[in-house]
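# Structural features, examined
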Amino acid sequence: MEQAGSHFESELDFCPECGTVLPLPSVQDKVTCPCCFFFIDVRDFERRVIHTSITFNRIDATSSTMSEGNAVKGPLIDRRCPQCGHEGMAYHTRQMRSADEGQTVFYTCIQCKFQEKEDS
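Residues numbered from 1 in each chain as written. Predicted model: local features only at pLDDT ≥ 70, side-chain atom pairs only at ≥ 80, totals over all residues. Heavy atoms only, no water.

Within the largest apolar cluster, 7 residues are counted, these being Cys15, Leu22, Val31, Cys33, Phe38, Ile40 and Phe45. Ignoring sequence-local partners within four residues, the contact set of leucine 22 consists of Leu12, Asp13, Phe14, Cys15, Val31, Cys33 and Ile40. Membership of the second largest hydrophobic core comes to 5 residues, among which are Cys81, Val105, Tyr107 and Cys109. (Core = buried A, V, L, I, M, F, W, Y, C linked by side-chain atoms within 4.5 Å. Buried < 20%, exposed > 50% of the residue type's maximum accessible area, 1.4 Å probe, protein only. Contact = heavy atoms within 4.5 Å.)

This is the structure we're talking about:
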């Protein structure tokens, strides 16, 4: 059963019919989409060079400590500081545990710079 060409253009990494990521070419003579079963001749992948790179973000050790001169950054919420009683804290979130668990929320008082965390 010979399949007609697609009506759309896309990169060879994606199915031109449904947009699903295509599997890597193997020993078969065609690459078949696992979703819609559209296929591409494996010869279309010849001489294709794939470049990948990984960029690691630098961790700035000074950003985690706050001195008196640093301004608190982040969105502000109505939350009372447990240390000085000021109403208003900035917060940011981080994924500290596995991906299937909630994020950890870090609160910083905009007046006294007191920090606390809350696990979701």
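A pair can form between side chains of opposite charge whenever their charged atoms are brought close. For the structure shown, the criterion picks out 5 salt bridges. Note that arginine 79 is salt-bridged to glutamate 118, the shortest N-O span being 3.5 Å. Of this pair, arginine 79 sits in strand β3 (residues 76–80) while glutamate 118 sits in strand β6 (residues 115–119), and the two are 39 residues apart along the sequence. Given a relative accessible area of 33%, glutamate 118 falls into the partly exposed group. (Salt bridge = Lys/Arg side-chain N within 4 Å of Asp/Glu carboxyl O. Helix = DSSP H or I, 4+ residues; strand = E, 2+ residues; numbered from the N terminus.)

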